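Examination of the molecular architecture
In case you want the letters, here they are:
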2 protein chains.
Amino acid sequence: MKDTPEMIIPTYDDVVSAHERIKPHIHRTPVLTSSWLNDEIGAELFFKCENFQKAGAFKVRGASNAVFGLSDDMATRGVATHSSGNHALSLSYAAGRRGIPCNVVMPRTAPEAKKAAVRGYGGKITECEPSTSSREQVFAQVQAETGAEFVHPYNDPRVIAGQGTCSREFMEQTDGVDIIVAPIGGGGMISGTCLTLSNIAPETEIIAAEPEQADDAARSFQAGYIIADDSPQTIADGLKVPLKELTWHFVSNHVSDILTASEQEIVDAMKITWARMKIVMEPSCAVPLAIILKNKARFAGKRVGVIVTGGNVDLDKLPWLNT
Amino acid sequence: MKDTPEMIIPTYDDVVSAHERIKPHIHRTPVLTSSWLNDEIGAELFFKCENFQKAGAFKVRGASNAVFGLSDDMATRGVATHSSGNHALSLSYAAGRRGIPCNVVMPRTAPEAKKAAVRGYGGKITECEPSTSSREQVFAQVQAETGAEFVHPYNDPRVIAGQGTCSREFMEQTDGVDIIVAPIGGGGMISGTCLTLSNIAPETEIIAAEPEQADDAARSFQAGYIIADDSPQTIADGLKVPLKELTWHFVSNHVSDILTASEQEIVDAMKITWARMKIVMEPSCAVPLAIILKNKARFAGKRVGVIVTGGNVDLDKLPWLNT
């Protein structure tokens, strides 16, 4: 890792090491295609299915890299984090595999399915209000009490190096693409994607997809500095968190555009994927397809990679049945 | 094909020819695993995901084999069939690929999603009442009017040879299994499975899974002759049809057991698969997992193949939300 005055920026060597470290604990997820969607959009789409990943989401890559990179000494005090869901259960999963404690602070409004899964992996939950400020405050207390190692859901070089293994696999599984699209919340997956592609496929364009109702990254991108909202409301519950300095570094240097989609466009894209590709994805990972369907001309004739980030959805509360 | 006084019984050579013939028109579907389900059952499960197949179901294998095996002369008059859904849309898909007409007789109660898909592939639907007798009567009229080649959904050697390509792929993709489980309705998939495995892996046990409320195959198996119900009621709408002489030949000779599951057990297994494996499967293909969960001791310690037959489900009418 390259040290700077402000922060530690992970390098591609860290991605390669991370991949070796986490391989026993993750799936090499398949890449699926849909000729119906290809015809609909006039492009060739490749879906990297991290919804089939261990713990149901890509976040297990970064979490496992952090947990299995700890010295034995540090590991005994366990790990702790705050998360809107998938990082919480990924960290619980990884800690469980290493046999160390895991404390997570989750918004009380997080989907029950995610809370149950965290507990199922042995994680201990402390609830907070659904805002960034409450989350950080409650977390400070938990960390003070446990002395556990903080693994931030995205603003952490170990986590970003871990997420970078996803596009490394993707490039091995395909003959490369012209554009890769991933959702953006805090920016962990996008940063890992930037880190890997800027090294092994620098000609690939990277586009981030964000809900209109939580468009702080798009506004930051426009403004040239981080804009953070305290508690945006969107069905894409994994994308409510703001960029931080480390993810901003990658986003501002390597992302070519951030496009947004409305709530209805996200729900429509989610239902289309379920119906046509027969895969269960959560609202957060429908945002890339939503922006592709909305901006067909931009993607027409291109080979496009789409990172399907997770599949942890509450099957009793499907959004197209609530509207 | 081996000719007998009563019927033409397909051979494994027909499966191999079918595979060559249909390869350009089908997907080589992936085999997925779930460590959660493995732990839950104490077995090693391998899911052959025909829900990702073209037209959303394994039936496209048999339908494509029939359509692309026709002489040009026969093909001009088109094809016709009756079907509870997936065969109808698979035949429409295959006919569309060859550019010939396809007439299908469907129960008026078939899921709207399936009817829309048939029309989307260019198939022409004539509706009948939801009973075997009505279906056969209406079909006779349609066939008389069109002179089209009848492709029976399962009691057809071309269709059975096509379905046999599924377990052929499965055996190439895995190191073999001790038991393979597939749903049974009319018996087309099971017959293809019997045909292939009795030739290339005769030591593999074949178990069929059937809804309790449409258990005519289980009763036939017990009795030693075909018992057919006219209009059984089950959520597994693909499994309402009875065995016919050709599928009975394979079932009676090669299947080791037919196990049944209740409607609730089927819905529970379906929801578990969506939640844990993140794949969309229709009720009919949840029956194998339902009987495995119900008879764990029988499968414990074994390598078990499960054929996930299709994913064409009405997303607006999910069974766990209606009960």
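The preceding data block contains the structure.
Predicted model, so just to flag it, every value in this text is computed and none were measured.

**Describing the pattern of salt bridges**
Considering all chains together, one arrives at 46 salt bridges over all chains under this definition. In this structure, the salt-bridge partner of A:Lys115 is A:Glu127, at a minimum N-O distance of 3.1 Å. Taken together, the positions of A:Lys115 in helix H6 (residues 112–120) and A:Glu127 in strand S7 (residues 124–128) put the pair twelve residues apart, joining distant regions of the chain. Linking B:Arg303 and B:Glu44 is a salt bridge whose minimum nitrogen-to-oxygen distance equals 3.8 Å. Of this pair, B:Arg303 sits in strand S12 (residues 303–308) while B:Glu44 sits in strand S4 (residues 44–49), and the two are 259 residues apart along the sequence. Residue classification places B:Arg303 among the partly exposed positions, given a relative accessible area of 23%. On the basis of relative accessibility, which here comes to 37%, the residue B:Glu44 falls in the partly exposed class. Counted as one network, the salt bridges with shared partners bring together A:Lys48, A:Glu50, A:Arg61 and A:Glu169.

**Observations concerning helix H1 (residues 12–22) of chain A**
Residues and elements named next belong to chain A. Along H1, the residues that are buried comprise Tyr-12, Asp-14, Val-15, Ala-18, His-19 and Ile-22. Along H1, the residues classed as buried sweep out an arc of 145° about the axis, all on the same side. Turned more than 90 degrees away from the buried face of H1, the exposed residues are Asp-13 and Glu-20. Next to the buried residues of H1 lie helix H3 (59–68), helix H8 (157–173) and helix H9 (188–200).

**Examining the nonpolar core**
Counting 80 residues, the largest nonpolar core has A:Trp274, A:Ile291, B:Trp274 and B:Ile291 as the members making the most contacts within it. Aside from chain neighbours lying at most four places away, what touches B:Ile291 is B:Val181, B:Ile207, B:Ala209, B:Leu259, B:Thr260, B:Ala261 and B:Phe299.

**Considering the packing of aromatic side chains**
Residue and element names in this part refer to chain A. As enumerated under the stated definition, the model contains eight aromatic pairs over all chains in all. Ring plane angle 75° and centroid distance 5.6 Å describe the contact between Tyr-93 and Tyr-121, whose orientation is recorded as edge-to-face. Remark: Tyr-121 occurs in the loop between H6 and S7 and Tyr-93 occurs in helix H5 (residues 86–98); sequence separation between them is 28 residues. Classification of Tyr-121 as partly exposed rests on a relative accessible area of 31%. Aromatic pair Trp-274 and Trp-320: ring centres 5.1 Å apart, planes at 85°, arrangement edge-to-face. Note that Trp-274 is positioned in helix H12 (residues 263–277) and Trp-320 in helix H15 (residues 319–322), a separation of 46 residues in sequence.

**Here we look at the packing of helix H12 (residues 263–277) of chain B against helix H13 (residues 287–294) of chain B**
Helix packing geometry: the angle between the two helix axes and the distance between the axes. Residues and elements named next belong to chain B. In the contact formed by H12 and H13, the axes pass within 8 Å of each other and the chain directions differ by 105°. When the axis of H12 is compared with that of H13, the two are roughly perpendicular. Residues Glu-265, Ile-266, Ala-269, Ile-272 and Thr-273 of H12 lie in contact with H13, whose contacting residues are Val-287, Leu-289, Ala-290, Leu-293 and Lys-294. Tallied by class, the residues present in the contact of H12 with H13 amount to seven nonpolar, one polar and two charged.

**Let's talk about the sheet that holds strand S10 (residues 205–211) of chain B**
All names here are of chain B. Reading across the sheet, the six strands line up as S3-S4-S12-S9-S10-S11 and stay open at both edges, with mixed pairing between neighbours. One side of each edge strand has no neighbouring strand; the edge strands of this open sheet are strand S3 (31–32) and strand S11 (257–261). The pairing of strand S9 (residues 179–183) with S10 spans five bridges and is parallel. Within the sheet, the bridge partner assigned to Val-181 lies in S10 and is Ile-207. On the sheet, H12 packs against S3, S4, S10 and S11 and is oriented at approximately 90° with respect to S11.

**Some words on the relation of the copies chain A and chain B**
One copy of the chain maps onto the other through a rotation about an axis plus a displacement along that axis. Rotating chain A by 180° and moving it 0.0 Å along the rotation axis overlays it on chain B with an RMSD of 0.0 Å. Expressed as an axis order, the relation between the two copies is that of a two-fold axis. Closest approach to the rotation axis among the C-alpha atoms of chain A is made by A:Ile279, whose C-alpha sits 2.2 Å away.

**Observations regarding H6(A)**
Residue and element names in this part refer to chain A. When we look at burial in H6, the residues that qualify are Lys-114, Lys-115 and Val-118. Angularly, the buried residues of H6 cover 100° about the axis, an arc narrow enough to put them on a single face. Each element contacted by the buried residues of H6 is listed here: H5, strand S6 (102–107) and S7.

**As for the pairing of S6(A)**
All names here are of chain A. With six of six residues buried, S6 lies mostly within the body of the structure. Residues Cys-102, Val-104 and Met-106 point to one face of S6 and Asn-103, Val-105 and Pro-107 to the other, with burial holding for every one of them. In the sheet, strand S5 (residues 79–82) pairs with S6 via four bridges, with the strands oriented parallel. Residue Thr-81 lies in a different strand from S6, and its bridge partner there is Val-104. Judged from the five bridges that link them, S6 and S7 form a sheet pairing that is parallel.

Definitions and limits used
- Residues numbered from 1 in each chain as written.
- Chains lettered and ligands numbered in written order.
- Predicted model: local features only at pLDDT ≥ 70, side-chain atom pairs only at ≥ 80, totals over all residues.
- Heavy atoms only, no water.
- Salt bridge = Lys/Arg side-chain N within 4 Å of Asp/Glu carboxyl O.
- Helix = DSSP H or I, 4+ residues; strand = E, 2+ residues; numbered from the N terminus.
- Buried < 20%, exposed > 50% of the residue type's maximum accessible area, 1.4 Å probe, protein only.
- Arc of directions from axis to C-beta.
- Contact = heavy atoms within 4.5 Å.
- Core = buried A, V, L, I, M, F, W, Y, C linked by side-chain atoms within 4.5 Å.
- Phe/Tyr/Trp six-rings, centres within 6.5 Å; stacked < 30°, edge-to-face > 60°.
- Axes fitted to C-alpha atoms, helices over the stretch in contact; angles between N-to-C directions.
- Parallel < 35°, antiparallel > 145°, perpendicular 65-115°, else oblique.
- Nonpolar A, V, L, I, M, F, W, Y, C, P; charged D, E, K, R; others polar.
- Pairing = 2+ DSSP bridges.
- Least-squares fit on C-alpha atoms with pLDDT ≥ 70 in both.

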